[in-house]
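Results of the structural survey
Spelled out, the chains give:
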Amino acid sequence: MWPNGFLNITSRGRRSKPQVYLTFDDGPDPRFTPAILDTLAQHQIKASFFVLGEACAAHPALVRQIAEAGHDIGIHSYSHAHPWRLPEAQAREEMRRCYHTLADITGSPPRLFRPAYGRIRPATLQQASALQLRTVLWSCSVIDWGAWGTLSGVSRRLAAVKPGDIVLMHDARPDANRPQVTQTALQNFLLTDKAASLDFCGLSQLLTKPD
Ligand SMILES: [Zn+2]
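Figured I'd write up the structure that's included with this text. Treat the numbers as computed from the prediction; the structure is a model and nothing was measured. Sequence order as written defines residue numbering, which begins from 1 separately in each chain. Residue-level local features of this predicted model are given only where pLDDT is at least 70; pairs of side-chain atoms are given and counted only at 80 or more, and the full residue set underlies all totals for whole chains, interfaces and linings. As a convention, hydrogens and water are excluded, and side-chain values are obtained from all of the structure's heavy atoms.

Comments concerning helix α6 (residues 151–159)
The buried label goes to any residue with under 20% of its type's maximum accessible area, the exposed label to any with over 50%, and the partly exposed label to all in between, with areas taken from a 1.4 Å probe on protein chains only. In this description a helix means any DSSP run of H or I spanning at least four residues, a strand means any run of E spanning at least two, and both kinds are numbered starting from the N terminus. The set of residues buried in α6 consists of Gly 153, Val 154, Arg 157 and Leu 158. Down the axis of α6, the buried side of the element spans an arc of 130 degrees, and every buried residue falls inside it. Those residues of α6 that are exposed and aimed more than 90 degrees away from the buried face are Ser 152 and Arg 156. Directions are taken from the helix axis to each C-beta atom, and the arc is the one they span.

Rendered as structure tokens:
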């Protein structure tokens, strides 16, 4: 089991350290994930991806590519169904199916879980704990979807990240082109002095090292 936190939920790291944890949800998506991987590789930084089981089943090679690049991969859900709108058994099945789909592709058990929409229900939290998953939310969202997901808006919010932040972004969305905005904003941000002063890490760095 994980050593700290009664509820096993993490939403940010320590403010006193320069680490920032970029996270990408809802992928993998062959239209957007490879470009984001390229950007991360150019800057030699690690991030975390919270994947959908059905996207993993459709694009297993892309999942392996994320893992081989040294990024952390956690489960999000199988189909991105809203956990609160499902019968409990179905909500548990969403997690179970995603867990096993990802484990079969990477060959190792997932260790990270982020519930779809950030909505937690006790049964799935308990299930996550039984599967030895650490539940991770976020402290900073770049809001890269909907009407607010413009390049200027996403760029401004990304520029405002603080040490310790777990940053919510997306490398796939059902509503089309937003991940392109995310990738462009990320590419621009990583060239700034502020980004150079931060240490971008995968969540395993936060969750496995004692403070
Ligand atoms: Zn999501």
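Re empty space enclosed by the protein
The way it works is a 1 Å grid over only the protein atoms, where trapped points that fit a 1.4 Å probe form a cavity and open points with protein on both sides within 12 Å along at least five of seven lines form a pocket, and then any residue with an atom within 4 Å of a point lines it. Grid points are joined across faces, edges and corners, and a volume is the space filled by probe spheres set on the points. Inspection of every chain in the model, using the stated rule, returns 1 cavity of 30 Å³ or more. Of the pockets and cavities examined, the largest cavity occupies roughly 120 Å³. Those elements that provide at least two residues to the lining of the largest cavity are β4 (72–77) and α4 (88–106). Element by element, the count of residues in the lining of the largest cavity is highest for α4, at 3 residues.

With respect to the layout of surface pockets
Once rolled over the atoms, a probe with the size of a water molecule shows which space is left empty. The space that makes up the largest pocket amounts to roughly 350 Å³. Per-class residue counts for the lining of the largest pocket are 9 nonpolar, 5 polar and 6 charged. Lys, Arg, Asp and Glu make up the charged group, whereas Ala, Val, Leu, Ile, Met, Phe, Trp, Tyr, Cys and Pro make up the nonpolar group; the residues left over, Gly among them, are polar.

Notes on unusual backbone geometry
Comment: phi is negative for the bulk of residues other than glycine, and the bulk of peptide bonds are trans. A cis geometry characterises the amide bond from Gly 27 onward to Pro 28, with omega recorded as 0 degrees. The topology assignment puts Pro 28 in the loop between β2 (19–25) and α1 (33–42). Its identity is not glycine, yet Gln 132 carries a phi of approximately 60 degrees, on the positive side. Inspection of the secondary structure assignment puts Gln 132 in the loop between α5 (122–130) and β6 (134–136).

With respect to α5
Within the sequence span of α5, burial applies to Ala 123, Thr 124, Leu 125, Gln 127 and Ala 128. Trailing α5 by a residue or two, Gln 132 shows a phi angle of about 60 degrees, which is positive.

Regarding the nonpolar core
When a protein is soluble and globular, its nonpolar side chains tend to lie buried together. The criterion is simple. A nonpolar core is a set of buried Ala, Val, Leu, Ile, Met, Phe, Trp, Tyr and Cys residues joined through side-chain atoms within 4.5 Å. Core analysis: the largest hydrophobic core is formed by 39 residues, its most contacted members being Leu 22, Phe 24, Leu 40, Phe 49, Leu 158, Val 167 and Phe 200. Top contributing element to this core by residue count: α4, with 5 residues. Residues count as neighbours in contact if any of their non-hydrogen atoms are within 4.5 Å of one another. When near neighbours in sequence (up to four residues on either side) are disregarded, Leu 158 contacts Val 142, Val 167, Met 169, Ala 185, Leu 186 and Phe 189. Counting 9 residues, the second largest nonpolar core, distinct from the first, contains Phe 50, Val 136, Ile 166 and Cys 201.

Digging into the coordination of the zinc ion
The zinc ion binds to the protein through Asp 26 (OD), His 76 (NE2) and His 80 (NE2); the donor distances cover 2.0 to 2.1 Å. Overall, the relative accessible area of 15% leaves His 80 in the buried class. Coordination partners: N, O, S within 2.8 Å of the metal, 3.2 Å for Na, K and Ca; water not considered, so apparent gaps in a site are possible.

Points about the pairing of β2
Most of β2 is tucked away: 7 of the 7 residues are buried. Here β2 shows two buried faces, one formed by Gln 19, Tyr 21, Thr 23 and Asp 25 and the other by Val 20, Leu 22 and Phe 24. Strand pairing is defined by DSSP finding a minimum of two bridges between the two strands. Direction of pairing for β2 relative to strand β9 (residues 199–200): parallel, over a ladder of 2 bridges. If you follow Gln 19 over to β9, its bridge partner there is Asp 199. As paired elements, β2 and strand β8 (residues 166–170) share 5 bridges and run parallel to each other. Counted as the bridge partner of Asp 25 is His 170 from β8. Alignment of β2 against strand β3 (residues 48–52), held across 3 bridges, turns out to be parallel. From the neighbouring strand, Asp 25 faces β3, where its bridge partner is Phe 50.

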